[in-house]
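Listed below are the residues making up each chain.
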Amino acid sequence: MKLLFGTLVAVILMLQYQLWLSDDGNNALNLLKQELGAQRTINDELEERNRLLEIEVIDLKYGLEAVEERARSELGMIGEDEIFYLIVR
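Residues numbered from 1 in each chain as written. Predicted model: local features only at pLDDT ≥ 70, side-chain atom pairs only at ≥ 80, totals over all residues. Heavy atoms only, no water.

Participant: Any details on the overall build of the protein chain? Residues and values, ideally.
Facilitator: If you tally the helices and strands in the protein chain, you get three helices and zero strands. Its C-alpha atoms give the protein chain a radius of gyration of 32 Å, more than 25% over the compact-globule value 12 Å for 89 residues. The dimensions of the protein chain, computed from C-alpha atoms along their principal axes, are 105 × 35 × 10 Å. Accessible area of the protein chain: about 8800 Å², with a carbon and sulfur share of 62%. (Helix = DSSP H or I, 4+ residues; strand = E, 2+ residues; numbered from the N terminus. Rg over C-alpha atoms; globule rule 2.2 N^0.38 Å. Areas by Shrake-Rupley, 256 points an atom, 1.4 Å probe, with all protein chains shown as cover.)

Okay, here's the thing in structure tokens:
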């Protein structure tokens, strides 16, 4: 009976050690939860960036305002009915 009780205590202690202190136990679970939270934050930021890029692509495909805006800001173009003034200090 004492041998059975001693074996049972040893098994329980071994299982508790594995649960709380081993690499596959509770500490590893907590670290994985932290990594998961950080990765979710990164994914949310990337999804927002992708959403904005998708809106811009649709606007460039179907709208002329975005194309005109890019031509003005990046290429310095002006419209046919506009007058260009250059102010030199």
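Participant: Report on a negative patch on the surface, specifying residues and quantitative values.
Facilitator: A cluster of acidic residues, Asp-59, Glu-65, Glu-68 and Glu-69, forms a negative patch at the surface. When residues of the negative patch are assigned to their parent elements, the largest contribution, three residues, is made by helix H3 (residues 64-75). When you line up the elements, Glu-69 lands in helix H3. (Patch = residues over 30% accessible without salt bridge, like charges linked within 9 Å, V, L, I, M, F, W, Y side chains within 5 Å. Salt bridge = Lys/Arg side-chain N within 4 Å of Asp/Glu carboxyl O. Lys, Arg positive; Asp, Glu negative; His and termini not counted. Charge placed at Lys NZ, Arg CZ, Asp CG, Glu CD.)

Participant: Describe the pattern of salt bridges, naming the residues involved and giving the relevant values.
Facilitator: Evaluation of the coordinates by the stated rule reveals four salt bridges. Of the charged contacts, one joins Glu-56 and Arg-70 as a salt bridge, the two residues approaching to 1.9 Å between their closest N and O atoms. Of this pair, Glu-56 sits in helix H2 (residues 26-62) while Arg-70 sits in helix H3, and the two are 14 residues apart along the sequence. Judged by its relative accessible area of 32%, Glu-56 falls in the partly exposed class. (Buried < 20%, exposed > 50% of the residue type's maximum accessible area, 1.4 Å probe, protein only.)

Participant: Lay out a nonpolar patch on the surface with the relevant residues and their values.
Facilitator: On the surface, Ile-78, Phe-84, Leu-86 and Val-88 cluster together into a nonpolar patch covering about 480 Å² of accessible area. Tracing the backbone shows Phe-84 in the segment after H3. For Phe-84, a relative accessible area of 55% translates into the label exposed.

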